[in-house]
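# Breakdown of the fold
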Amino acid sequence: MSSKVYSTGSRAKDHQPTGVECLPLPEANAEAIDFLSSLHEEELQMLFFSESLAMVSDTGEPQGELTIEVQRGKYQEKLGVLTSCLFVHAFSRGFLDKMLCGNSLLGYLSEKLELMEQHSQDFIKFLILPMERKTSLLKQDDQLAVTRSIKEGEQDLGFQTIQVDHQQAEVFIVEQTVHSEEGIPMSCQYYLLSDGHLAKRIQVGSPGCCIITKMPILREVDEIEPRPVFEKKPPVWEEDMELYSKFLDRKEELRLGHASYLRQHPEAHALISDFLLFLLLRQPEDVVTFAAEFFGPFDPRRPSSPALGSSHRPNPFR
């Protein structure tokens, strides 16, 4: 893995090419400053929104998505003081010539729309040389400290066999090199086991190295077996001894409970006997209506019957 770091920790005005005539720093437009200063609170409210946009090619084919969000937030300054700010987040991901690419932006603005901190990242997953670039801006007094890093590709050194704890282990080696405008490049080699364990680390140029002293238990990829399919069968509870035993116990429990209730309420037995006696004597065609007329007078909510009989007897279902 090869990466390059430029102007780390340096201020924007100090980062100037060597041996080239220094150009004057750009100045803000006076009209732009007046416009920003003239904005009122109700106008700033219109800045808060959240939206997603589809990225399409010139032929109308979908290529990705862009999401933008602006909302109120809190920003912590150097002394730990929290101040109100505008939080801006933008993120896009898509494909460029069938290669995945994207960028993100995270920024904090003061209520006067002054930039306090900003982080941006861009990446392109080239098949041979992936690239990633990160830039950070941090306000310090009246200046901005700029940090930028670029990571280009990966450099693999193939597979080797090393000895770990009296065992031979095959490792995959990756080298990372960081370049800076100041100082010499720094390279490190990482020896990785098959499951990602770091077995050895060497800093190029250093007389020593880091190595594990005991062979770890390598993690294996779990094979996901398909779920078994069981055919649905109608439950035959009579053949299940446990369920059948519970059924018999519940049946006996209900029988004893019903018998106990009838012993405590002998009037229920007399009432049912009277009903069966009248039913057998009358033998009506409509048993349900006959039962309703028989038990209707026992309903406390039923209106009282007239003293004189009537040929239009009230229907118990009305």
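Residues numbered from 1 in each chain as written. Predicted model: local features only at pLDDT ≥ 70, side-chain atom pairs only at ≥ 80, totals over all residues. Heavy atoms only, no water.

### Some words on the overall build of the protein chain
- From N to C terminus, the protein chain includes 5 helices and 13 strands.
- In the protein chain, which comprises 318 residues, the share counted as buried stands at 18%.
- For the protein chain, restricting intrachain contacts to residue pairs at least 6 apart in sequence, the fraction spanning at least 24 positions comes to 31%.
- Counting only carbon and sulfur atoms, one obtains 57% of the accessible surface of the protein chain, whose full area is about 25600 Å². (Helix = DSSP H or I, 4+ residues; strand = E, 2+ residues; numbered from the N terminus. Buried < 20%, exposed > 50% of the residue type's maximum accessible area, 1.4 Å probe, protein only. Contact = heavy atoms within 4.5 Å. Areas by Shrake-Rupley, 256 points an atom, 1.4 Å probe, with all protein chains shown as cover.)

### Topic: unusual backbone geometry
- Positive phi is not limited to glycine here, since L113 has a value of about 65°.
- When its relative accessible area of 23% is taken as the criterion, L113 is described as partly exposed.
- In the Ramachandran plot, Q283 falls in the positive-phi region, its phi being about 50° despite a non-glycine side chain.
- Position of Q283 relative to the elements: it lies in the loop between α4 (266–282) and α5 (287–295).

### Focus on the side chain of E117
- With respect to the helices and strands, E117 occurs in strand β6 (residues 115–124).
- Residue E117 is classed as buried on the basis of its relative accessible area of 17%.
- Looking at E117, its side chain comes within polar contact range of the side chain of Y75, at 3.0 Å. (Polar contact = N/O pair within 3.5 Å; in protein donor to acceptor, adjacent residues only side chain to side chain.)

### Observations regarding the confidence of the model for the protein chain
- With 82% of its residues at a pLDDT of 70 or more, the protein chain shows a mean pLDDT of 78.
- Mean pLDDT values for the elements of the protein chain range from 36 in strand β1 (residues 2–11) up to 89 in strand β5 (residues 99–109).
- Of the regions scoring below 50 in pLDDT, residues 1–20 engages in 57 contacts with residues more than four places distant in sequence or in other chains. (pLDDT = per-residue confidence, 0-100.)

### Remarks on a nonpolar patch on the surface
- On the surface, Y244, F247 and L248 cluster together to form a nonpolar patch covering roughly 250 Å² of accessible area.
- Along the polypeptide, Y244 turns up in helix α3 (residues 241–264). (Patch = residues over 30% accessible without salt bridge, like charges linked within 9 Å, V, L, I, M, F, W, Y side chains within 5 Å. Salt bridge = Lys/Arg side-chain N within 4 Å of Asp/Glu carboxyl O.)

### Some thoughts on the nonpolar core
- With 10 residues, the main nonpolar core is built from I162, V164, A169, V171, I173, Y191, L193, A199, I202 and M215.
- Elements supplying a minimum of two residues to this core: β9 (155–164), β10 (167–180) and β12 (198–203).
- Ranked by the residues each element gives to this core, the list is headed by β10, at 3 residues. (Core = buried A, V, L, I, M, F, W, Y, C linked by side-chain atoms within 4.5 Å.)

### Section: the environment of K74
- Relative to the assigned elements, K74 resides in strand β3 (residues 62–76).
- For the pair formed by K74 and F87, sequence separation is 13 residues and the distance between their alpha carbons is 8.1 Å.
- Leave out the neighbours within four places in its chain, and K74 touches T83, S84, C85 and Y108.
- A polar contact is formed between the side chain of K74 and the side chain of S84, at a distance of 3.4 Å.

### Overview of the pattern of salt bridges
- Summed over all chains, the structure comprises 6 salt bridges.
- A salt bridge links R133 to D122, with the shortest nitrogen-to-oxygen separation between them at 3.4 Å. With R133 in strand β7 (residues 131–140) and D122 in strand β6, this pair connects stretches of sequence that are 11 residues apart.
- Note on R133: relative accessible area 38%, which makes it partly exposed.
- Here D122 falls in the partly exposed class, since its relative accessible area comes to 27%.

### Considerations on the packing of aromatic side chains
- Counting across every chain of the model gives 9 aromatic pairs.
- Judged by centre distance (6.1 Å) and plane angle (35°), the ring pair of F275 and F290 falls under tilted. Taken as a pair, F275 in helix α4 and F290 in helix α5 lie far apart in primary sequence, 15 residues in all.
- Given the relative accessible area of 12%, F275 is considered buried.
- The exposure class of F290 is buried, given its relative accessible area of 12%.
- With centroids separated by 5.1 Å and ring planes inclined at 40°, the aromatic side chains of F275 and F295 adopt a geometry described as tilted. Here F295 lies in helix α5 and F275 lies in helix α4, a separation of 20 residues in the sequence.
- You can call F295 partly exposed: its relative accessible area is 33%.
- Within the aromatic cluster, the residues linked to one another by ring pairs are F275, F278, F290, F294 and F295.
- Here the basic side chain of K200 rests over the ring of Y191, its NZ or CZ set 5.2 Å away from the ring centre. (Phe/Tyr/Trp six-rings, centres within 6.5 Å; stacked < 30°, edge-to-face > 60°. Lys NZ or Arg CZ within 6 Å of the ring centre and 35° of its normal.)

### Digging into the pairing of β6
- Note: β5 against β6, 9 bridges, orientation antiparallel. Within β6, the position partnered with G107 by the bridge is Q118.
- Remark: 5 residues form the turn of the hairpin made by β5 and β6, two consecutive strands paired antiparallel; L113 in that turn has positive phi of roughly 65°.
- Pairing analysis gives 8 bridges linking β6 to β7, with the strands arranged antiparallel. Along β7, the bridge assignment pairs H119 with S136. (Pairing = 2+ DSSP bridges.)

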